[in-house]
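Listed below, chain by chain, are the residues.
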Amino acid sequence: FDDAQVLIDRPAAGTACDMGVSMKGGVNAGSHNHDDIGSYVVVVGDRCVILDPGSETYTSRTFGPHRFDSKLLNSFGHDVPRVAGQLQRQGAGAKARVIATQFGEDEDRYTIDMKAAYAVPSLQSLTRAWTYSRGGAGVLTVEDHATFSSPEDFETALITLGTWKAAAPDRLVITDGKGKDVQSVAVTIDASGPFTVRAEQIHEKAPVTPTRIAIALKDKSKVGRITLTIRPLASGG
């Protein structure tokens, strides 16, 4: 969807792939807007394991000057980078630019420039590239790459309504669902330097309480790169 900068990728019929994804660029302006440039969702079977948690319960704050104090409406509640400690800014100037698209039967690639979404003077470039493969059970790779004029902090995030665990220092497992209706993904982390993983529940006036899993480089640097490779696991595994 060119105008909205939204890409929806689905498995090919009759294959082992059971993972669909959707990702967006867009602009942080407009009615009912959230600060969510670069956000994406991952669905396995009929479970949205990694997601956008949606809106909060409407209050006077929701449509007032403190709207973006909400961690569900600002970029903290979305699976997008945090740059030099800063969340995304609002307004028509905070707009993604599509750098490249490449579509095929087996693999699609979508790359955006996200620099304009962050009011960070030292930020020289920030790109996010998604690669979705329909091979096997499916795989999504999300690569964030930032450059700065001076060393800065850099992190990315995953949002889920499910549970998570660290299966290895560079591998997370995220699970959503109950009983027989359970789906899991493995997330492998590759970064330009040592990193930490920490989680925080987001408590707002909302019907859901999502968890934000932050993957942050330990040291400030002029170059930050974090790549997440997301694959479905056998049911609940």
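Structure first, text after, so check above.
As the structure is a prediction and not an experimental result, all values here were calculated from the model.

Glancing now at the side chain of Gln88. Along the chain, the position of Gln88 falls in the loop between strand S6 (82-83) and strand S7 (91-95). What makes Gln88 buried here is its relative accessible area of 4%. Side-chain polar atoms of Gln88 contact the side chain of Asn28, separated by 3.0 Å. Polar contacts involving the side chain of Gln88 include one to the side chain of Tyr118, which spans 3.2 Å. Ignoring sequence-local partners within four residues, the contact set of Gln88 consists of Asn28, Asp35, Asp36, Ile37, Ser75, Val80, Met114, Ala117 and Tyr118.

It is worth spelling out the pairing of strand S11 (residues 139-152) at this point. In this sheet, S11 lies alongside strand S10 (residues 123-133) in antiparallel orientation, the contact comprising 10 bridges. Paired with Thr131 across the strands is Thr141, a residue of S11. Here S10 hands over to S11 after five residues, with Gly136 in that stretch at a positive phi of 55°. As paired strands, S11 and strand S18 (residues 221-232) are joined by nine bridges and run antiparallel to one another.

Turning our attention to the sheet that holds strand S1 (residues 6-9). One open sheet accounts for four strands, arranged S1-S2-S4-S5; its pairing is antiparallel. Whereas interior strands pair on both sides, the edge strands pair on one side only; in this sheet they are S1 and strand S5 (47-50). The mean angle between the axes of side-by-side strands here comes to 20°, regardless of whether they run parallel or antiparallel. Pairing of strand S2 (residues 19-24) with strand S4 (residues 40-44) involves five bridges; the strand directions are antiparallel. Residue Met19 lies in a different strand from S4, and its bridge partner there is Val44.

Take the pattern of salt bridges next. Counted according to the given criterion, the structure contains 11 salt bridges. Notably, a salt bridge pairs Asp36 with Lys24, separated by 3.1 Å at the nearest N-O pair. Here Asp36 is found in the loop between strand S3 (27-28) and S4, whereas its partner Lys24 is found in strand S2, with 12 residues between them in sequence. Comparing Asp36 with Lys24 shows no difference in burial state: the two are buried. The partner of Asp144 in a salt bridge is Arg128, and the shortest N-O contact between them spans 2.6 Å. On the criterion of sequence distance, the pair formed by Asp144 in strand S11 and Arg128 in strand S10 is long-range, its members being 16 residues apart. Pair check on accessibility: Asp144 and Arg128 agree, each one buried. The structure contains a network of salt bridges with shared partners spanning Asp9, Asp108 and Arg134.

Once that is clear, we can look at the sheet that holds strand S12 (residues 154-160). Sheet architecture is open: four strands sit in the order S6-S12-S17-S16, paired in antiparallel fashion. What marks the edges here is a single partner per strand, and that holds for S6 and strand S16 (195-201). As defined by bridge partners, S6 adjoins S12 across two bridges and the pair is classed as antiparallel. Pairing of Arg82 across the sheet is with Glu155, part of S12.

Aromatic ring pairs: the centre-centre distance and the angle between the two ring planes describe each pair. If you walk through the whole model with that rule in mind, you get one aromatic pair. Looking at Lys71, its charged tip hangs above the ring of Phe76, at a distance of 4.9 Å from the centre. Positioned above the aromatic ring of Phe76 is the side chain of Arg212, whose terminal nitrogen or guanidinium carbon lies 4.4 Å from the ring centre.

What follows concerns the nonpolar core. Of all hydrophobic cores here, the largest spans 44 residues; its most connected members are Tyr40, Val42, Leu140 and Leu158. Apart from the residues lying within four places of it in its own chain, the contact partners of Val42 are Met19, Gly20, Val21, Arg47, Cys48, Val49, Ile50, Leu140, Val185 and Ile230.

Turning to the environment of Phe154, a few remarks are in order. Checked against the element boundaries, Phe154 lands in strand S12. Non-local contacts of Phe154, meaning those with residues more than four positions away in its chain, are made with Pro81, Arg82, Val83, Leu126, Asp144, Ala146, Phe148, Ala216, Leu217, Gly224, Arg225 and Ile226.

Calculation criteria
- Residues numbered from 1 in each chain as written.
- Predicted model: local features only at pLDDT ≥ 70, side-chain atom pairs only at ≥ 80, totals over all residues.
- Heavy atoms only, no water.
- Helix = DSSP H or I, 4+ residues; strand = E, 2+ residues; numbered from the N terminus.
- Buried < 20%, exposed > 50% of the residue type's maximum accessible area, 1.4 Å probe, protein only.
- Polar contact = N/O pair within 3.5 Å; in protein donor to acceptor, adjacent residues only side chain to side chain.
- Contact = heavy atoms within 4.5 Å.
- Pairing = 2+ DSSP bridges.
- Axes fitted to C-alpha atoms, helices over the stretch in contact; angles between N-to-C directions.
- Salt bridge = Lys/Arg side-chain N within 4 Å of Asp/Glu carboxyl O.
- Phe/Tyr/Trp six-rings, centres within 6.5 Å; stacked < 30°, edge-to-face > 60°.
- Lys NZ or Arg CZ within 6 Å of the ring centre and 35° of its normal.
- Core = buried A, V, L, I, M, F, W, Y, C linked by side-chain atoms within 4.5 Å.

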